[in-house]
Amino acid sequence: MSDTPVRRTPWPDSISQAVVTPLQPSVVYSAQSPDALDGQYEGRSQGYTYAREGHPNADVLARKIDALEGAEGGLITGSGMSAITAALMGVLKAGDHVLGGDQLYGRSLRMMREDLPRFGIETSLADPTDIEALRAALRPNTKMLLVEVVSNPTLRVADMDGILALCRAHGVLCVIDNTFTTPLGYRAWEAGADMVIHSVTKLLAGHSDVTLGYVATRDPDLRAQVLTCAVTLGLTPSPYDCWMAERGLYTLELRYERACASAGALADLLADHHGVESVLYPGRADHPDFARARTLLITPGNMVSFTLKGGRAAANAFTQATPNLPFAPTLGDVATLLSHPASSSHRALSPAQRADLGITEGMFRVSVGLEPPELILGEVKTALDQIAP
Ligand SMILES: *Cc1c(COP(=O)(O)O)cnc(C)c1O
């Protein structure tokens with residue numbers, strides 16, 4: 001027994017082992033001696049020092065996502081955006097140019113438009129389905145290209161083979177945000193990405209109860225720069241969140257398979273209803289990138305977008321007719337979620353800018369979840385019949 005409750009109580013001995021990954025919230029680790037600590041800092045022995053610099057729950061999660069991507073040495077950060085921050089701020093310097101896809105995640109677009117330029121980093125955007133547009137946008141100082149494989153909310157499929165070849169030919173780092181597709185839909189690392197990013201918040205963790213990111217970097221020198229940047233800027237993840245996300249990953253394959261199958265069925269149901277003007281799903285032959293999706297993607301995914309006839313009024317009526325499908329702007333949750341880009345993710349754009357992207361007042365994006373498929377399809381059909389009898 002300790003002589004005072006202020007001293008930490010030793011962990012009980014057990015010759016049998018816990019089967020579940022332990023949660024280790026310790027901020028600090030005590031070293032055996034200054035010499036032993038030298039050994040850790042100089043890489044001669046493995047050990048943790050201070051949680052901002054790394055902790056076991058982040059490493060367990062990182063190795064699991066590495067295995068899914070076929071990657072090595074990935075880093076867990078406190079959010080998807082902090083993974084993007086670490087990738088960009090760890091590698092770029094004033095005077096460099098970054099080219100981005102023109103339909104990146106909203107905050108990534110903001111970082112390109114507003115934040116990187118404040119640090120003297122040049123940015124521009126181009127359509128990632130159009131390789132000639134990307135080629136024309138390259139500059140002599142282009143260091144990096146940041147792209148998402150499937151765009152939000154129009155679900156356009158980037159010309160990834162063309163982009164990877166273009167980057168290789170021009171010595172540009174190809175950074176792929178693989179959040180929408182997950183490693184089960186697109187093998188970003190194996191395809192040759194220089195860096196792969198995930199918002200673990202979404203499908204990987206899968207329950208909308210943690211905020212985390214992941215970034216893997218191929219070049220060991222750049223990987224060290226990204227890690228130093230993350231530690232210095234304090235982009236560290238919470239051990240509890242890492243532990244929760246690891247728990248979520250055990251069921252990723254089951255969840256994704258179910259959600260993708262239901263998404264395909266939902267897309268067909270929507271396309272057959274007279275109240276629906278158009279459907280966007282990369283697994284349907286009427287999608288503009290259907291041919292590319294078939295060769296590039298392992299599955300067309302769990303996201304479906306569609307446009308109702310009748311604009312904003314029909315959109316209001318539809319959300320009211322679907323009380324069991326939360327109108328909430330995230331994706332990859334256990335529940336099927338509706339998003340209305342014109343009033344949420346893309347509200348900062350002018351109507352003309354939205355029209356350019358194909359986002360209208362009648363448009364919804366559905367993140368298909370894990371409910372029994374007939375329940376999702378039945379509720380959507382009932383709602384459509386109600387608003388467009
Ligand atoms: C959500 C998302 C992000 C940001 O991730 P957070 O975990 O919310 O910071 C980045 N990229 C894509 C494609 C996303 O969907």
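All residue numbers refer to position in the chain's written sequence, counted from 1. At least 70 in pLDDT is required for a residue's local features to be given in this predicted model, at least 80 for side-chain atom pairs to be given and counted, and no such filter applies to totals for whole chains, interfaces and linings, which use all residues. As a rule here, side-chain values come from all non-hydrogen atoms in the structure, and water together with hydrogens is ignored.

Quick word on the packing of aromatic side chains
Right, so step 1: What counts as a ring pair is set by centres within 6.5 Å for rings of Phe, Tyr and Trp (its six-membered ring), and what kind of pair is set by the plane angle: stacked under 30 degrees, edge-to-face over 60, tilted for all other angles. Applying the stated criterion to the full structure yields 5 aromatic pairs.
Right, so step 2: For the ring pair Tyr 29 and Tyr 48, a centre distance of 5.5 Å and an interplane angle of 40° mean the geometry is tilted. Taken together, the residues span a long stretch of sequence, with Tyr 29 in the segment before helix 1 (34-41) and Tyr 48 in the loop between helix 1 and helix 2 (56-69) at a distance of 19 residues.
Right, so step 3: We call a residue buried when its accessible area falls under 20% of the maximum for its residue type, exposed when it is over 50%, and partly exposed in between, using a 1.4 Å probe and counting protein chains only. Owing to a relative accessible area of 23%, Tyr 29 belongs among the partly exposed residues under this scheme.
Right, so step 4: You can call Tyr 48 partly exposed: its relative accessible area is 23%.
Right, so step 5: An angle of 25° between the planes, with centres 5.7 Å apart, marks the rings of Phe 306 and Phe 364 as stacked. Of this pair, Phe 306 sits in strand 9 (residues 303-308) while Phe 364 sits in strand 11 (residues 363-367), placing them 58 residues apart in sequence. The pair formed by Phe 306 and Phe 364 is uniform in burial state, with each residue classed as buried.
Right, so step 6: Here the aromatic cluster, defined as three or more aromatic residues joined through ring pairs, consists of Phe 306, Phe 318 and Phe 364.
Right, so step 7: Note on criteria: charge over ring means Lys NZ or Arg CZ within 6 Å of the ring centre, with the direction from the centre no more than 35 degrees off the ring normal. Residue placement shows Arg 218 over the ring face of Trp 189; its charged tip is 4.1 Å from the ring centre. Note on conventions: DSSP H or I runs of at least 4 residues are helices, E runs of at least 2 residues are strands, and numbering of each starts at the N terminus.

Some words on the sheet that holds strand 8 (residues 276-280)
Through backbone hydrogen bonds, the strands of a sheet pair up, either in parallel or in antiparallel fashion.
Right, so step 1: Spatially, the 4 strands line up as an open sheet ordered 8-9-11-10, and their pairing is antiparallel. Of all strands in the sheet, those bounded by a partner on one side alone are strand 8 and strand 10 (337-339). In this sheet, neighbouring strand axes are inclined to one another by 25° on average, regardless of whether the strands run parallel or antiparallel. Only strands joined by at least two bridges in the DSSP assignment are considered to pair. Angles here are taken between N-to-C directions and fall from 0 to 180 degrees, while the axes themselves are lines fitted to C-alpha atoms, restricted in helices to the stretch in contact.

Describing the nonpolar core
Right, so step 1: With 55 residues, the main nonpolar core has Ile 76, Met 160, Ile 163, Ile 176 and Tyr 186 as its most contacted residues.
Right, so step 2: Domains are outlined according to an automatic or database domain assignment. Formed jointly, this core draws a minimum of three residues from each of two domains, domain 1 (55-249) and domain 2 (252-387).
Right, so step 3: Should any heavy atoms of two residues lie within 4.5 Å, those residues are counted as being in contact. Each residue touching Tyr 186, except ones within four places of it in the same chain, is listed here: Glu 69, Val 149, Met 160, Leu 164, Ile 176, Asn 178, Thr 181, Ala 191, Leu 296, Leu 297 and Ile 298.
Right, so step 4: Only buried residues count toward a nonpolar core. Its members are Ala, Val, Leu, Ile, Met, Phe, Trp, Tyr and Cys residues joined through side-chain atoms within 4.5 Å. In terms of nonpolar packing, the next biggest core, distinct from the first, is built from 27 residues, Leu 109, Ile 121, Leu 173 and Met 195 among them.

Observations concerning helix 13 (residues 311-321)
Right, so step 1: All of the buried residues in helix 13 are Ala 314, Ala 315, Phe 318 and Ala 321. With its buried residues spanning 130° around the axis, helix 13 presents them on a single face. Counted as exposed and oriented over 90 degrees from the buried face of helix 13: Ala 313 and Gln 320.
Right, so step 2: The inward-facing, buried residues of helix 13 contact strand 9, strand 10, strand 11 and helix 15 (373-387). Think of it as the arc spanned by the lines of direction from the helix axis to the C-beta atoms.

In short, shape yes, function no, at least from these values alone.
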